[in-house]
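Summary of structural features
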Amino acid sequence: MNPTVRIRELQRDKCNFVLRGVNLGFANSFRRTMIADIPTVAIDLVEFETNTTVLPDEFIAHRLGMIPLVSTNCDEAMKYTRECDCSEGCSICMIILTLSVRCDTPGTTMNVTSNHLEVRPQPDMYSSGGEELSKRTEDFGLPVSRSRGFEGHPILITSLRKGQELRVRCYAKKGTAKDHAKWSPCTALGFEYDPYNKLRHTTYWFETDKVAEWPLSANAAEEEPPQEDAPFDFTAEPERFYFNVETDGSLTAKEVILKSLAELRSRVATVVFNIDNPAVTDAMDTSEAPMQPMGQRPNGQERSFGSPAAAGSWSSSPNGANLAQGWNSPNAMAQGGWNV
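What comes next is a walk through the structure. Within each chain, residue numbers correspond to sequence positions counted from 1 in written order. In keeping with the predicted nature of the model, local features appear solely for residues at pLDDT of at least 70, side-chain atom pairs appear and are counted solely at 80 or more, and the whole-chain, interface and lining totals rest on all residues. Side-chain measures were taken over the full set of non-hydrogen atoms in the model, leaving aside hydrogen atoms and water.

Topic: the sheet that holds strand β8 (residues 165–175)
Stated precisely, the cut-off is as follows: Pairing between strands is defined by DSSP: at least two bridges between them are needed. Helix numbering and strand numbering both begin at the N terminus, where a helix is a DSSP run of H or I of at least 4 residues and a strand a DSSP run of E of at least 2. Note on method: axes are straight lines fitted to C-alpha atoms, helices fitted across the in-contact stretch only, with angles between N-to-C directions ranging 0 to 180 degrees. Note on contacts: a residue pair qualifies if any of its non-hydrogen atoms lie within 4.5 Å across the two residues.
Pairing in this open sheet of four strands is antiparallel, and the strands run β3-β8-β4-β6 from one edge to the other. With partners counted over all chains shown, the strands left at the sheet margins are β3 (40–51) and β6 (118–120), one partner each. Averaged over neighbouring strand pairs, the angle between their axes works out to 30° when direction is ignored. Here three bridges tie strand β4 (residues 95–102) to β6, and the two strands are oriented antiparallel to one another. Counted as the bridge partner of leucine 97 is valine 119 from β6. Across the sheet, helix α2 (residues 57–65) touches β3 and β8, and the angle it forms with β3 is around 150°.

Details of the nonpolar core
Our working rule: By nonpolar core we mean a set of buried residues, namely Ala, Val, Leu, Ile, Met, Phe, Trp, Tyr and Cys, connected to one another through side-chain atoms within 4.5 Å. Partly exposed residues are those whose accessible area sits between 20% and 50% of the maximum for their type, while under 20% is buried and over 50% is exposed, using a 1.4 Å probe and protein chains only.
With 24 residues, the main nonpolar core has Val41, Ile43, Leu64, Leu97, Leu99, Leu117 and Cys170 as its most contacted residues. Those elements that place two or more of their residues in this core are β3, α2, α3 (74–77), β4, β7 (156–160) and β8. Here isoleucine 43 is in contact with Leu64, Gly65, Leu69, Leu97, Leu117, Cys170, Tyr171, Ala172 and Lys182, once residues within four sequence places are set aside. Val22, Ala27, Leu189 and Val256 belong to the second largest nonpolar core, which has 18 residues in total.

Details of the environment of glutamate 58
By secondary structure assignment, the location of glutamate 58 is in helix α2. What makes glutamate 58 exposed here is its relative accessible area of 60%. Each C-alpha atom, one on glutamate 58 and one on valine 46, is 9.3 Å from the other, the two residues being 12 residues apart in sequence.

Remarks on the side chain of threonine 158
Residue position: threonine 158 is located in strand β7. Residue threonine 158 is classed as buried on the basis of its relative accessible area of 4%. Among all residues touching threonine 158, those that are not within four sequence positions of it are Thr53, Leu55, Met110, Asn111, Val112 and Leu166.

Some remarks on the environment of glycine 107
Note on placement: glycine 107 falls in the loop between β4 and β5 (110–113). For glycine 107, a relative accessible area of 68% corresponds to the exposed category. In sequence terms glycine 107 and lysine 162 are 55 residues apart; their C-alpha atoms lie 7.2 Å from each other.

A closer look at a nonpolar patch on the surface
Under the convention used in this document: Patch membership is restricted to residues that have no salt bridge and whose relative accessible area is over 30%. Joining uses 9 Å for like charges and 5 Å for the nonpolar side chains Val, Leu, Ile, Met, Phe, Trp and Tyr. Note that accessible areas follow from Shrake-Rupley with a 1.4 Å probe, and for residues the cover is restricted to the protein chains shown. Salt-bridge detection follows one rule: a side-chain nitrogen of Lys or Arg within 4 Å of a carboxyl oxygen of Asp or Glu.
On the surface, Val5, Ile7 and Leu10 cluster together into a nonpolar patch covering about 290 Å² of accessible area. Tracing the chain through its elements places leucine 10 in strand β1 (residues 4–10). The exposure class of leucine 10 is partly exposed, given its relative accessible area of 48%.

A few points about the pattern of salt bridges
Summed over all chains, the structure comprises 16 salt bridges. A salt bridge links aspartate 37 to lysine 178, with the nearest nitrogen and oxygen atoms 3.3 Å apart. On the criterion of sequence distance, the pair formed by aspartate 37 in the loop between α1 (24–36) and β3 and lysine 178 in the loop between β8 and β9 (186–192) is long-range, its members being 141 residues apart. For aspartate 37, a relative accessible area of 11% translates into the label buried. What makes lysine 178 exposed here is its relative accessible area of 57%. Residue lysine 259 pairs with aspartate 75 through a salt bridge whose shortest N-O separation is 3.3 Å. A residue pair is termed long-range when its members are at least 10 positions apart, and lysine 259 in helix α5 (residues 253–276) and aspartate 75 in helix α3 qualify at 184 residues. For aspartate 75, a relative accessible area of 37% puts it in the partly exposed group. Taken together, the shared-partner salt bridges connect Glu49, Arg102, Asp104, Glu165 and Arg167 into one network.

Quick look at the packing of aromatic side chains
Going by this rule: Put simply, two rings from Phe, Tyr or Trp (the six-membered ring, in Trp's case) pair if the centres are within 6.5 Å, and we call them stacked under 30 degrees between planes, edge-to-face over 60, tilted for the rest. Over a ring means this: the NZ of a Lys or the CZ of an Arg is within 6 Å of the ring centre and within 35 degrees of the ring normal.
With the rule as written, the count across this model stands at nine aromatic pairs. Ring plane angle 40° and centroid distance 4.9 Å describe the contact between tyrosine 204 and tryptophan 214, whose orientation is recorded as tilted. In this pair, tyrosine 204 is assigned in the loop between β9 and α4 (210–213) and tryptophan 214 in the loop between α4 and β10 (240–247), connecting sequence segments 10 residues apart. Between lysine 174 and the ring centre of tyrosine 80, over which it is positioned, the NZ or CZ distance is 4.4 Å.

Here it is, written out as structure tokens:
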């Protein structure tokens, strides 16, 4: 059977679908790729200029890092800092956001939210000449709460009273959730197969009534219930996999699914290419050559490390060092150690 997908619900930040025609290993790899292998943009470094709030710097920095930023087409619109040719960050591998808020109204509490973050143009943004800049959307790097079509409330960072102030400078970078969860585009990802537990992959623990304590999910309506007296099939495999993908808004659910499939296809193609084109070992490369045991010649004869006069031993070093003192170097100490 060829892989098939039936979409049951599709929204901007949510997609519910059924996948068929694949095995459990591929379905689980697909799930893990959506969670941890899709690059996004997130704040990675925060410089504090002024912080007179009740929250410490570390607390606010952590909250800023978890704010989702618009990352549309991030895989092509931005470079990893480790792959960029710059030395201290540029507009191709980094986005600078600033936040400067002060409360001057007495008797009120001012909420500082993600809407107060502003993207600051960098001096080299129009002179770097990278093609990555042309692939960015208008709101690329902005908090999701400020993106077009967003419906909801901004993320609260902290609250200010009269006289309190917060001024920070944030550096957003490209990354994946393998490095930190803040780069994951998914807030939740439901994954289920075999809702009736016909394959017995799950052992139910219950007190009195298994049926009442383990209710069936809505996905059970997609499959036939098992027969009471049906024999157990040891060779059976799951046929349907139920996904419910929810994103944080940095990428749409459709983008997450399509980019995950492209990432899996790229990895499989790399494996196939390496199998069809095995690397040729260089005859002069001795990095993986077996090492000879200490004190033994290649032909199996033993040798000692005594004085130069001993039979079968090494001769003295080319610079005539005393073997009791080790090798004699230009900066050697009296005891034969290194003078650093």
